[in-house]
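Observations on chain architecture
Spelled out, the chains give:
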Amino acid sequence: MTMQSWFTDAKLGIFLHWGVYAVRGIPESWSFYNGEITYENYMKQLDGFTASAYDPDAWARLFKAAGARYAVLTAKHHDGVALWDTAHSDLSVVKRSPAARDLVGPYADALRAHDLKVGLYFSHLDWSHPDYPFHTSEQFHAGPVVEDPEAWERFLTFHRGQLTELVESYAPDLLWFDGDWERPEELWRMAELRDRLMAMKSDLVVNSRLLGHGDYATPEQGAPITPPDGPWELCYTINDSWGYQARDHDHKPLSILIRTFVETISGGGNLLLDVGPREDGTIVPEQESRLRALGAWIGRNEPAVFGTIRGIPAGHVYAPTTLSTDRRTLYVFCYDPPRDSVTITGLASKVRRITALGSGEELTHRRFGGFDPVPGVLAIDAPSVADPQVTVLAVELDGEIELYRGEGRG
């Protein structure tokens, strides 16, 4: 399967969990599925969903300032409430809430106006649709389901119909699927679905939640110790919640967000950083300020972020790294301000120059030990001024990087 080059170099996307669950500030869909609230009371939130301060251009400008290259909006979560005027159901904010308008179209237009790629989240399952077999956790765990093939075919027609609306109406660059776990692949017929989507838009990127028919992996809430071999994306919340929850004040420090971003891109992935707008469409100040601060750090260190690939294997340097796509510059991310030399082992390439990004200070360096063919240790003197968050060293090489991983002679 091909992967569009824009995605592999995007590095940062913004995830938007926005829906009726923001009215009461409760977990999106899961709150009624797990019995924390009745389905009827959950759906009463439709009456309070206004989108009264929704400004998609302000969203796009903020995401651009954060250094993001794409965003993903929850067009429909597991609760089945659509943010667009779907013809396949009356369960939408257009027909059933004071918002009373399409919210997906203005989002897509605003992102494109600011040169951001458009992503849409879509849940396969639908815990409101009468032909979907499960609507609560209790039902799901009650035992084997008695299949109703006719009902399932009606549901698939609905499922495919809504996806066709999204692709034909908004031409997303990326579809972010979720909710594939309750039914097996042979019922979902995911290979058939992928073929259908690609026939509508051949350059569409789709995530892994197609039961083996997606383009990239989607770990959540922590960078994997061993990154996936192929393209991947870490989904990560700024606080502890996906959607807006007023009681959740546990926003992660900027230092943790930047370090998580660094861990992700050094392993060849993208960070999909989540925000949860209020029901009116505004983003809380604690999340906005962190996005802007992350963008400021990316701006100071942009060459180490964009136009790079995953870094060198662990053990050569005790820090995350990335490599320029031409493999002629190694970027080293120092979490703590370097107080002494930063050392790299097994770097066989000749070094042309080393600088600290942000300040541009050229750093002195020398090699210790080594003999042919063992290159010894490259020691880089600490910069005089460290970045307030993560200091990045750019090691420019005379040719493509060469690493020595053999054993020396005694």
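What comes next is a walk through the structure. (Residues numbered from 1 in each chain as written. Predicted model: local features only at pLDDT ≥ 70, side-chain atom pairs only at ≥ 80, totals over all residues. Heavy atoms only, no water.)

On to the overall build of the chain, then. If you tally the helices and strands in the chain, you get 12 helices and 15 strands. Rg of the C-alpha trace for the chain: 24 Å, near the compact-globule value of 22 Å for 410 residues, within the 12% margin. Along the longest, intermediate and shortest principal axes, the C-alpha atoms of the chain span 75 × 45 × 40 Å. The buried share among the 410 residues of the chain stands at 56%. The contacts of the chain with a sequence gap of at least 6 include a subset with a gap of at least 24, amounting to 70%. Element-wise, carbon and sulfur atoms account for 49% of the exposed surface of the chain, whose accessible area totals about 17100 Å². Computing the positive centroid from 38 side-chain charges and the negative centroid from 58, the chain places the two 5 Å apart. (Helix = DSSP H or I, 4+ residues; strand = E, 2+ residues; numbered from the N terminus. Rg over C-alpha atoms; globule rule 2.2 N^0.38 Å. Buried < 20%, exposed > 50% of the residue type's maximum accessible area, 1.4 Å probe, protein only. Contact = heavy atoms within 4.5 Å. Areas by Shrake-Rupley, 256 points an atom, 1.4 Å probe, with all protein chains shown as cover. Lys, Arg positive; Asp, Glu negative; His and termini not counted. Charge placed at Lys NZ, Arg CZ, Asp CG, Glu CD.)

Attention now goes to the sheet that holds strand β10 (residues 329–334). Taken together, the five strands give an open sheet; going across it, the order is β8-β9-β10-β15-β12, and neighbouring strands pair in antiparallel fashion. Two strands in the sheet have a free side with no partner beyond their single neighbour: β8 (308–310) and β12 (351–356). This sheet shows a mean twist of 25 degrees between the axes of neighbouring strands, independent of strand direction. As paired strands, β10 and strand β15 (residues 391–397) are joined by six bridges and run antiparallel to one another. Pairing of C334 across the sheet is with T391, part of β15. Packing of helix α11 (residues 254–266) onto the sheet brings it into contact with β8, β9 (321–324) and β10, and relative to β9 it is tilted by some 50 degrees. (Pairing = 2+ DSSP bridges. Axes fitted to C-alpha atoms, helices over the stretch in contact; angles between N-to-C directions.)

Once that is clear, we can look at helix α6 (residues 104–113). Each full turn of the α-helix corresponds to 3.6 residues, which orients residues three or four apart in the same direction. Those residues of α6 lying buried are V104, G105, Y107, A108, A110 and L111. Looking at the packing, one finds that the buried side of α6 touches β1 (12–16), α4 (56–65), β2 (70–76), β3 (117–123) and α8 (149–170).

Okay, the sheet that holds strand β4 (residues 174–178) next. Read across the open sheet, the seven strands follow the order β5-β4-β3-β2-β1-β7-β6; overall the sheet is parallel. Pairing within the sheet leaves two strands with one partner each, and these edge strands are β5 (205–206) and β6 (233–237). Pairing of β1 with strand β7 (residues 270–275), which is carried by five bridges, proceeds in the parallel orientation. Of the residues in β7, the one forming a bridge with F15 is D274.

Let us now look at the packing of aromatic side chains. Summed over all chains, the structure comprises 32 aromatic pairs. Ring centres of Y132 and F155 lie 5.2 Å apart, and the angle between their planes is 55 degrees; on these two criteria the pair is classed as tilted. Separated by 23 residues along the polypeptide, Y132 in the loop between β3 and α7 (137–140) and F155 in helix α8 bring together distant segments of the chain. Neither residue differs from the other here; Y132 and F155 are each classed as buried. Seen in terms of ring centroids, W297 and F333 are 6.4 Å apart; in terms of plane orientation they differ by 35 degrees. Their pairing is tilted. Taken as a pair, W297 in helix α12 (residues 285–300) and F333 in strand β10 lie far apart in primary sequence, 36 residues in all. Cluster of aromatic residues (ring-pair linked, three or more members): W30, F32, Y33, Y39, Y42, W127 and W181. (Phe/Tyr/Trp six-rings, centres within 6.5 Å; stacked < 30°, edge-to-face > 60°.)

Let us look at the nonpolar core. Ranked by internal contacts, the top residues of the largest apolar core, which has 93 residues, are F63, Y107 and W297. Among the elements that line this core, the one with the most residues is α8, at eight residues. Setting aside residues up to four positions removed in sequence, Y107 forms contacts with L16, Y54, P56, W59, A71, V72, L73, V118, G119 and L120. Formed by 19 residues, the second largest nonpolar core is a distinct cluster that contains V317, L330, V351 and L378. (Core = buried A, V, L, I, M, F, W, Y, C linked by side-chain atoms within 4.5 Å.)

Time to look at unusual backbone geometry. Among all residues except glycine, the phi angle is most often negative; among peptide bonds, the trans geometry is most common. Notably, A51 is not glycine yet its phi reads approximately 50 degrees, a positive angle. Looking at where A51 falls in the secondary structure, it is placed in the loop between α3 (39–43) and α4.

In terms of burial, β1 is a largely internal element, five of the five residues being buried. Burial along β1 is two-sided: the face carrying L12, I14 and L16 and the face carrying G13 and F15 are both buried. Across four bridges, β1 lies against β2 in parallel orientation. Bridging across to β2, G13 finds its partner in Y70.

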